[in-house]
Structures are given as structure tokens and as C-alpha cells.
Amino acid sequence: MIIEAGHFALVLALMVALVQVVIPLWGATTGRRVLMDVAEPAALMQFVLVAISFAALLNAYITSDFSVLTVAENSHSTKPMMYKISGLWGNHEGSMLLWVLILTIYGAAVALFGAGLPPAFRARVLSVHAMIGVGFILFILLTSNPFLRISPAPPDGQGMNPVLQDPGLAFHPPFLYLGYVGFSMAFSFAVAALLEGRVDPAWARWVRPWTLLAWCALTAGICLGSFWAYYELGWGGWWAWDPVENASFMPWLSGTALLHSAIVVEKRDTLKSWTIFLALLTFALSLVGTFLVRSGVLTSVHAFASDPERGAFILLLLGLVIGGSLVLYAIRAPILTPTGQFAPVSREGALVLNNLLLATATVTVFLGTLYPLFLDAINGPKVSVGAPYYMATFVPLMVPLLVAMAAGPLLTWKRGDLPGIAARLRVPFGVSVAIMVGTSLMAGGKSALASIGIGLAAWVFLGTMQDLAGRVRLFQGPFSDTLRRLGALPRASWGMTIAHAGVAITLAGMTVSTGWSAEGIQVMKPGDQVVVAGDIWHFDSTAPVSGSNWKGMQAQFSVSDGGARPFTVLTPSRRTYSLQQMTLAKVAIHTNHLANWYVVVGDPQPQGGWIVRIYWHPLAPWIWYGFLIMAAGGAVSLSDRRLRIGAPVRRPVVASGKSHAAA
Amino acid sequence: MRRFRLRPVALLALLFVTAAPAWAVNPDERLSDPGLEARARALSKELRCMVCQNESIDDSNADLAHDLRVIVRQRLTAGDSDQQVLTYMRARYGDFVLLKPPVDSATWVLWFGPFAVLLLGGVVIGLMTRYRREPPPPAPLSEDEARQLQTLLKPEPEPS
Amino acid sequence: MQLHDHVPPGRPFPPGARPFYLIPIACFIGLFIVFGLGLTKNPAILPSALIDKPAPSFDLPPLLADHPGLAQADLKGKPVLVNFFASWCAPCREEAPVLAGLAASGDVAIFGIDYKDNPAAGRKFLEALGNPYQRVAVDAAGRTAIDFGLYGVPETYIVDAKGSIRYRLPGALTPENLQSEILPRLAALQRQP
């Protein structure tokens, strides 16, 4: 019964969403407040109904109700509770319901916290947002209903792919979807602004917190996904340029561009139609990501719900949402006249450069991901686009971006002082060049890329710190003054500093762990030992282990740096999941936050022993720490009081264009 | 484990499964000459594992990937250049085997697209800044306006 | 509030740039078509790189005592099918009846190559499911298969009278793909002098 109630609640949510599309928009067009005010209760109601529906499905997973088809297909009674819950979104139907739940959470949040928005604008935003809701709820009900029953109910479920039974992947999709779906808010704000024909600094401030929220979640989601790949897939890689990884990376790149261009709209009242375009593009890329994963047009290790019929429906949705918004854009965007002037050497000039490079990077990833599909569609040759392509195109694009990243924040608005900046960046420049040359000499000239990477990381980090020091006038006056300034620094400033420092940290982790890692691949038996990167790895013993739905063996390795006692004992294991008859190798990692010691036990060998892979990854932990620091920077910026939703008040537009919101 | 072909849906499931115990090079494959081995590793990263759809043969545990890694090493030991090894693979498996697609008429957009976008974007930005730096000259005053201006500019008589 | 009340009376910016704003929607329409076409394709199917090229040179020993092995030279003369199989491959079992039927019809000579298999297991496989092949060879190392560009078993190649590869069918033969892909191509090749 509960499941039927959930199904019914979803149908009701569709009705409410339809009301939310039509009535508020009509009200906004005819100027009738009563009709506009339908939007908020409708958005809340839609959220409550979808939440009921989600709870009903969750209940079926928790209680292992195998009379529900998706539960029977994807769950199993012996699965640990955490994976029973995450099993809900570990499959196509459930993950789409999670998608819609998050969509309605954002809608409800605007209804609750959007009191500062003008009523007509808010009505339009919520109406546009509900259009997306209608599309996706219909998609679920018509092609991917998770509430279907199966009769007779099987005695037990078919279980879940063991690879997915991992905490990292259990919480990866919710974060990713919080990001993907969160950009629907920026999209709705952009479409509403196009409908009104007006974009101004107040608009930029309203849209910023929602974009930031989505960006933080997506950053965290990508970080989790990458870390999962690192420790679950067992080959020590953290990014494979897989189409599904790219699908989450593209909205991240364009979302990052959007965050930066919205600042220009806010401070300088220019770059408006570009910012609107980025808002549309970012959500479009999120939808394309969904399409790529769901339709199976790109065969990928992740494409677990390959189904052309669903693909056709999503394509239709894509056509309506993206196509419709781009038609509106073509009609309305040309009238968004900028009022601010801008000079190439200025903060806004640097932000434009940032946007140009990030947009090009997005295009690069997009081309790389979709080009094989494109050639296939025109009956061209079959090609593969893998990591070497991105190394040749994407990576070089990042270099000028990172170089500019240290200098940009030092520039002032309107007209920057290049010689002044150069003087201030002398020390960071000298130090990072010294680091680049020094590390390159230390490494004996090999992996030049790593030296360049760490030099750039130092440049970005020191440049960011130089900017912070300048803002608080470090060593330029009494220290108490510096402290006072530190306290008075706006949260948005802190956010930028923290996020940029995070980029530097991630960059250092990526390049150093790639360039200077060491590996040992050999057959080992208990009692054997091997030296990798100066550390002695001793294979102590093996022991049987088991879990609720698997049995296996656990190996024990002691790692020492030559001293009397090992500095760590690692226990990688091999698990055989009885249901799927699948064996997984579980990695063991020791970290001191500066390097990872990574070991994984592979296939047993006919002559005895196992293939043991040992890696030493210097600075690898920084990859994910940096990502988390970026996300934290976003969160700090989000807490800025000036950006609280509704706080800014739209100012009258002055013909001279001098209406910039106070900086 | 041998890999065999399944129907597409099952194939996808299999792909997911085979992605899991992804093993790189096995100890018995490696060459004793570190220079050759390094070249073999680098080449392996540029060759696609045909049965895994998204991994290089360096990352893959598939049987075929193992065979191809062995062939790469045999060719290198026999004195082939890196390019000759790639040509050898391409002759058998087509462009699909190369993770870095060759630059030809079919891939111009792929290879030069990003730089075209960068260039185009740069030009547009350049034009926009130029346009904004030189606002259009004000329209000439109408007779009416000129008369008004004259009146305004005429020094007002000092109040006395 | 009216829909248009905020629209400034100004001209599009910059003047004459309106067509510029049509670029995104134009790109999207192109993309939409590509996606639509992409949905109709199966990304798992790969054409052979050796189409219209001579079959690779090879000379493989026989699997069975009473059937000869296979070499490049044996492929010349008339159009033939070369089928890679293995005893450990499940789809190979599925296609066995199709191959048997085709062999019984006598329309075409079928040559088999046992890919990376234990010969004893291969012989048992043919004993159990029937031998459709006129020649059966053993490719124990799988090197000939790689020279053919094989990426899984079963795979079936059509080789013309000159010994050139004309078509590759990856995966199991079925009555459907036999009718739609294999037989028409064979018939066309057999009509040629």
C-alpha cells in the first residue's frame, strides 16, 4: 500500500507542478498578485509530495520489499543497511526520483527564502522551475516508474553490483545531483530574466547564492567520485577522462565560469547576455550529462541504464528545455544593453579572460566526449578520444588560466595598474620559478610536467596569499590594524582566497602524484619483501575474512622506512561476493597527508603467491583536500551576509549607467 | 578469466564488472630494459583496450589487452619505433585503437575546434572592448536644441 | 506588471549583432540531430579495419585429425566464411546451430579458427555441437586473431575469392543477421566471376 501511496503522491506532484507552471506565469504576465502568490505554496506542496513518494520507495528498500520490481532487481536482504539505502539511487529509476526530489528541494528553498525577490520575478522563476519538474516527473511516470510491482514477489532480490557497495559511491550521486540539479535554479533565474527583459546587478546577486550552492555540491561530488575511482578501481588512477566523468566535469567548468562572470554583472553591470548564456549552458550541460549517462549513447563503464526509449524521451526533454531557452535567448538577449565600460587591464578584464579560457576548456571536453558520437552519426570513421587528447588540448589551456589566476584578484575594477601588479607579484614569481627549477633539478630533468605543475601551484598559492596580504595590509602598518582588517574582510573575499588556494593544492597533488609516483608490481608470497620508493614492504601473512554478503582473504603488509618498527601495517583484501560470484580487490591505503602508500592484492598465481601492486603517490591526498578546500571556499562565500537571498534590493536603473551596486 | 562477447545489455553489465579488478601490467610481461619498458608503458597508455570501451591497454585486465601489451613489447624489442608500433596496431584495429585520434580531415574539428573557439572568443572580446572604448559620436544638435544651448550658455546677468 | 515593461527601448547591442545570438540555438539544433542519430546506433559495433584488404598472412595447424588446418593461401579461389570460436565462449554455443544449418545448406565453405583454447576442449566442443567447418585451425597464441583485428569471440569474416576481407560480423550469428548481413553479401560475391 505504501508503494501505491508513493506512486499516487508522484502523480499528484505532477498536477501541482502543472499548476505551478501555468498560474504564476499568467499572474506575472497580467500583473495579478493573487495568481503570482500561488507559486510558493505550490513549490512547497510539490516538494512535500515528491518527498512522500521518495520516502515510500526508501521504505521499500529498507524493508526489502521484493514485490517492488526495482527493489527486487537491485537490492538483496543480506546487503548492509547503508547499501540498501544507497541502492535506491544505484539504479536508473530510483536515481531519477532522487533527481526530482532535489529539484523540488531547490524549488521549495526559493519559495521559503525568496521573500526579497520581486513578486513577479519570483513567480516567473518558480514557474520556469516547475516546467523542468513537469518534464522529469513525466519522464519517471512514463518511462522509468520505480513503483511497479512484480507478482509473484521473488523470495530475494538480485543484489547490487559489488563495485557500487562502497561508502564513497553511496554518497557520490546525491552530491552530484545537488550540483547538477542546483544549476536548474540559475537556469530558472536566467529564463525569468529573459522573460522580463532585464538583467542588472541585483539579478546577479540573487542568482549567485544558488549558483554557489550548486557549484559547492558539484565540487564535492566530483571529489568523492574521483576518490572512489582511486581506491575502489584499484589501479591508482583518479581521473580517466571517461565520458561519465566528463559529463560532471563540463557543468563544473561552465558553472565556474558562471560564478566569475556573475561577479562582473554585479560589480560592473556588463557581460550580461554572456552570463545569461552561461547560466543556460551550465544547466544544459547538466541535462546533457544526464542524457549521456541515461541513454547509453556513449558506452561507458558507468552507463548502467542504457535504454534508447528513455534516451529518446530525455532527448525530447532536452530539446524542449534547452532549445526553448535558447530560442528565448536569441530573441531577448540582444536587448540586454551593458552600461558599464571595461578596459582590458582590469579586474573585469581578467574575469573575461577567465571566462574565455574556461569556456574553451568546456568546449574541449565537450568535443572530446561527443566527437566519436558525432562521427558515428555522420557515418564517419570510428575513433576513440582518451586521456592523450586531453593532455594535448585541455592541459595547455589551463596554464594561462592558472597564470592569470594569481594576478586577476590583484587588479582593481575599471582600470588595473599592470606595473604595480608586476611589482607586487615579484616575490611569488621568483619563488615559484625557483621551485620549478629546483624540483626539476632534483628530479634530474624527468617529468618536466610535474615541475611546471608544482611551480604553477606555488604561483597560484603565493599570488593568492599576496592578494590577501595586500587586503589586510600585512607589514604595512601596525599588526593590530592587519588583524582588524582580517576580521573585517568580507566572507566573499575569504571564499575566493580559500577556493583559489584549494586550486593550488589540488594542482600540486595532481602533478606531483602523477610525475613522481613510484610503483612495484610483482608476485609475492607471505614472507616476501620488496622496496618501493625507499620503503620496505613486507608481506606478513594472509587470513580469511567475511562480511554479510561476501567472503574472502585479507593480506597483511608491514611497511617500514628501514627503522626497527614498521610505520604502518596495511591490510588489503580480496572479497568474493557470493551472489554475483564476483571477486573484488579492496585496496589498503596509508596516508600521512603528504603521500599515500597504496597496496592491492591481485590474482593468485598458479606457481603460488599473488600479483601485488604497490604504489607510492606523493602529494596524492592533496588532490582531494584541494577539492574540499575549494568547496569550503564556496561555502564561506555563500555565508556572506551580502549574498543572503533577498538581502539585495534592486535599485532603479539610471540612464547614465552609474547604478552599480556598492562594491 | 576469459572474456567473451555478450549481447549489448549484458555487455554493459559486463563492462561495469570488468572495470572493477582493473589490473595494469603483470610482472611477467615486463621488459628488463628500463628504457624499452618505459616506452612500452607510454605506448600502452595511448592504445585503447578494445573490449573495455574506455580504458587503455595499460589499465586493463582484459585478456586481449594483455596480448596487445605483450605485442607492444615484442615489437619494441625487435627494434620498432614508437610510430611503427602504433601503425602496426592501427593496421589491425583502425583509428579506434588510438586514444589520441590521428589528425586528418575527419578530426579537424576535434583537434582545431578548441583553438578556433579560443581565437574567435579573443577576437569577439577584442571587438567588444574596442567598441566600448569608442562610444559613437553624439548626434548633431537640432536647431531647437542649439538655440536652447545658446540660451543656457549666455552668461546670465549678474543679479544686482 | 506587464511582460515587456522592463524592456529598454534601446537597440540590440552591439547594433547589428542580433544574428550573433542565433549561434547557440543553431549549434544546439545540430547537436540535437546528432544525439537523435546517435540513439539509433549501437556504439558496441565496430567495423573491421581490414575491409577490402587482403586477409593477413598466417598458417595455423589443424585442430582435428581428419580436417586440415588453415593458411592464408586457403582463402583464395571462392568466397568463404572464417569463423573464430572457442570452447569457453558462451555465444559460440548459441551460434552453433546457425553455423550447422549454413554448413548443411552447402552454400558456402566455412573455415573455423579455435581462438586461445585448449585443443582437447576445442575438439570436445565440436564433438558435442557438431562440426560445421571444412577446415579447423588452432590459434593457441591468438596472434592470427589479432592480425585479423579480432576483439572478441565469436567473430565471422567474409573473405572473397581474391582472399580479401569484405565483412566482419562481431558476436554470435543468428538466423536474423545471417539473412540480413551474411547471405546477401555472400550471394553478391558468388555472382561475381
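Now for a look at the structure at hand. (Residues numbered from 1 in each chain as written. Chains lettered and ligands numbered in written order. Predicted model: local features only at pLDDT ≥ 70, side-chain atom pairs only at ≥ 80, totals over all residues. Heavy atoms only, no water.)

## Some remarks on the nonpolar core
Let me state the cut-off plainly: Buried residues of nine kinds, namely Ala, Val, Leu, Ile, Met, Phe, Trp, Tyr and Cys, make up a nonpolar core once their side-chain atoms join them within 4.5 Å. Three exposure classes are used, based on accessible area relative to the maximum for each residue type with a 1.4 Å probe and protein chains only: buried under 20%, partly exposed in between, and exposed over 50%. Contacts are assigned to residue pairs that have any heavy atoms within 4.5 Å of one another.
Residues A:W99, A:F189, A:W203 and A:I276 are the most contacted members of the largest nonpolar core, which totals 173 residues. In this structure, A:W99 is in contact with A:I132, A:F136, A:Y177, A:V181, A:F283, A:L287 and A:T290, ignoring residues within four places of it in sequence. One finds B:Y88, C:V80, C:V108 and C:I158 within the second-largest nonpolar core, a separate group that totals 73 residues.

## Things to note about the sheet that holds strand β8 (residues 588-591) of chain A
Residues and elements named next belong to chain A. This is how it is decided: Two strands form a pair only when DSSP identifies at least two bridges running between them. Numbering of helices and strands runs from the N terminus, with a helix taken as a DSSP run of H or I at least four residues long and a strand as a DSSP run of E at least two residues long. Interaxial angle, 0 to 180 degrees, is taken between N-to-C directions of lines fitted to C-alpha atoms, where a helix line uses only the stretch in contact.
The strand order across the open sheet built from four strands is β1-β10-β9-β8, with neighbouring strands paired in antiparallel fashion. With partners counted over all chains shown, the strands left at the sheet margins are β1 (518-524) and β8, one partner each. The average angle at which neighbouring strand axes cross in this sheet is 15°, direction not considered. Here β1 runs beside strand β10 (residues 610-618); their pairing, made up of seven bridges, is antiparallel. Across the sheet, M524 pairs through a bridge with W610, a residue of β10. On top of the sheet, helix α10 (residues 201-232) reaches β8, β9 (595-604) and β10; it is set at about 50° to β9, its chief contact.

## What to know about the pairing of strand β4 (residues 550-560) of chain A
Residues and elements named next belong to chain A. With 10 bridges joining them, strand β3 (residues 535-546) and β4 adopt antiparallel strand pairing. Pairing of A543 across the sheet is with Q554, part of β4. Joining the antiparallel neighbours β3 and β4 is a turn of three residues. Taken together, the five bridges between β4 and strand β6 (residues 573-577) define a ladder with antiparallel strand orientation. Residue Q554 lies in a different strand from β6, and its bridge partner there is S573. Of the strand pairs in this sheet, β4 and strand β5 (residues 568-570) are connected by three bridges, and their pairing is antiparallel. For V559, the partnering residue across the bridge sits in β5 and is T568.

## Let's talk about the packing of aromatic side chains
Any aromatic ring pair is given by two values, namely how distant the centres are and how the planes are angled relative to each other. Rule in force here: Two rings from Phe, Tyr or Trp (for Trp, the six-membered ring) form a pair when their centres sit within 6.5 Å of each other. Planes less than 30 degrees apart are called stacked, planes more than 60 degrees apart edge-to-face, and all others tilted.
Across all of its chains, the model carries 42 aromatic pairs over all chains by this definition. Aromatic pair A:F249 and A:W252: ring centres 5.9 Å apart, planes at 15°, arrangement stacked. Of this pair, A:F249 and A:W252 both sit in helix α11 (residues 243-268), three residues apart, which is roughly one turn of that helix. In this structure A:F249 comes out as buried when scored by relative accessible area, which is 11%. A relative accessible area of 11% places A:W252 in the buried class. Between C:F28 and C:F32, the ring centres sit 6.0 Å apart and the planes meet at 50°, which makes this aromatic pair tilted. Note that C:F28 and C:F32 are positioned in helix α1 (residues 23-39) at a spacing of four residues, about one turn of the helix.

## Regarding the side chain of C:D139
Residue and element names in this part refer to chain C. The following threshold applies: We treat Lys and Arg as the positive residues and Asp and Glu as the negative residues; His and chain ends play no part in the count. Here, a salt bridge means any side-chain nitrogen of Lys or Arg that lies within 4 Å of a carboxyl oxygen of Asp or Glu. The definition of a polar contact used here is a pair of N or O atoms within 3.5 Å, where within protein one atom must be able to donate a hydrogen and the other to accept one, and adjacent residues in sequence count solely through side-chain atom pairs.
Note on placement: D139 falls in strand β6 (residues 135-139). It is R143 that comes nearest to the buried, bridge-free D139 among opposite-charge side chains, at 7.7 Å. Within the local environment of D139, its side chain forms a polar contact with the backbone nitrogen of T144, the two atoms lying 3.3 Å apart. There is a polar contact of 2.9 Å between the side chain of D139 and the backbone nitrogen of A145. Excluding residues within four positions of it along the chain, D139 makes contact with L60, I113, D114, Y115, K116, T144 and A145.

## A few points about the sheet that holds strand β7 (residues 155-159) of chain C
Residue and element names in this part refer to chain C. With respect to topology, six strands assemble into an open sheet ordered β1-β8-β7-β4-β5-β6, the strand pairing being mixed. Across the chains shown, the open sheet's two edge strands, defined by having one partner strand only, are β1 (53-54) and β6. Both strand β4 (residues 80-85) and β7 contribute to a ladder of five bridges, which runs antiparallel. The residue of β7 that forms the bridge with N83 is T156. Against the sheet, helix α2 (residues 90-105) engages β4, β5 (109-115) and β7, with an angle of about 160° to β4. Contacts from helix α5 (residues 175-191) reach β4, β7 and β8 (164-170), with the element oriented near 175° to β8.

## Some remarks on the packing of helix α2 (residues 34-45) of chain B against helix α3 (residues 63-77) of chain B
Residue and element names in this part refer to chain B. Here is the rule we go by: Just so you know how the angles are binned, under 35 degrees is roughly parallel, over 145 roughly antiparallel, 65 to 115 roughly perpendicular, and the rest oblique. Each helix crossing is assigned a hand: it is left-handed if the near helix lies turned anticlockwise from the far helix by less than a right angle, otherwise right-handed if that turn is clockwise. Note on residue classes: Ala, Val, Leu, Ile, Met, Phe, Trp, Tyr, Cys and Pro are nonpolar, Asp, Glu, Lys and Arg are charged, and everything else, Gly too, is polar.
For the pair α2 and α3, interaxial distance at closest approach is 10 Å and the crossing angle is 135°. When the interaxial angle is binned, α2 and α3 end up oblique. For α2 against α3, the interelement crossing comes out right-handed. In contact with L36, E37, R39, A40, R41, L43 and S44 of α2, α3 contributes R69, V72, R73, L76 and T77. Here the contact of α2 with α3 is composed, by residue class, of five nonpolar, two polar and five charged.

## Side note on the pattern of salt bridges
Applying the stated criterion to the full structure yields 31 salt bridges over all chains. Taking the shortest distance from any N to any O, the salt bridge between B:D58 and B:K45 comes out at 2.9 Å. On the criterion of sequence distance, the pair formed by B:D58 in the loop between α2 and α3 and B:K45 in helix α2 is long-range, its members being 13 residues apart. In this structure, a network of salt bridges that share partners links the residues A:E519, B:R41, B:K45 and B:D58.

## What to know about the side chain of A:D166
Residue and element names in this part refer to chain A. Turning to its location among the elements, D166 is positioned in the loop between α7 (119-143) and α8 (167-170). A polar side-chain atom of D166 sits 2.5 Å from a polar atom in the side chain of Y231. Filtering out sequence-adjacent residues up to four positions away, D166 remains in contact with Y83, W228, Y231, E232 and K586.

## Structural notes on α3(B)
For the record, the criterion: Each helix should span, by expectation, one fewer than its residue count multiplied by 1.5 Å.
End to end, α3(B) covers 21 Å across 15 residues, agreeing with the expected 21 Å (1.5 Å per residue, within 8%). Within the span of α3(B), buried status applies to B:L64, B:A65, B:D67, B:L68, B:R69, B:I71, B:V72, B:R73 and B:L76. Close packing links the buried residues of α3(B) with α2 and α4 (82-93) of chain B together with β5 and α4 (143-148) of chain C. Two residues or fewer past α3(B), B:G79 is found with a positive phi of approximately 105°.

## Considerations on the state of the cysteines
Residue and element names in this part refer to chain C. To be explicit about the condition: Disulfide: a pair of cysteine sulfur atoms within 2.5 Å of each other.
Taken as a whole and assessed by the stated rule, the structure comprises one disulfide over all chains. Through a disulfide, C89 is tied to C92; the S-S separation comes to 2.2 Å. The sign of the S-S torsion, about 90°, decides the handedness of the disulfide formed by C89 and C92: right-handed. C89 sits in the buried class, given a relative accessible area of 0%.

Any functional reading would require information that these geometric values do not contain.
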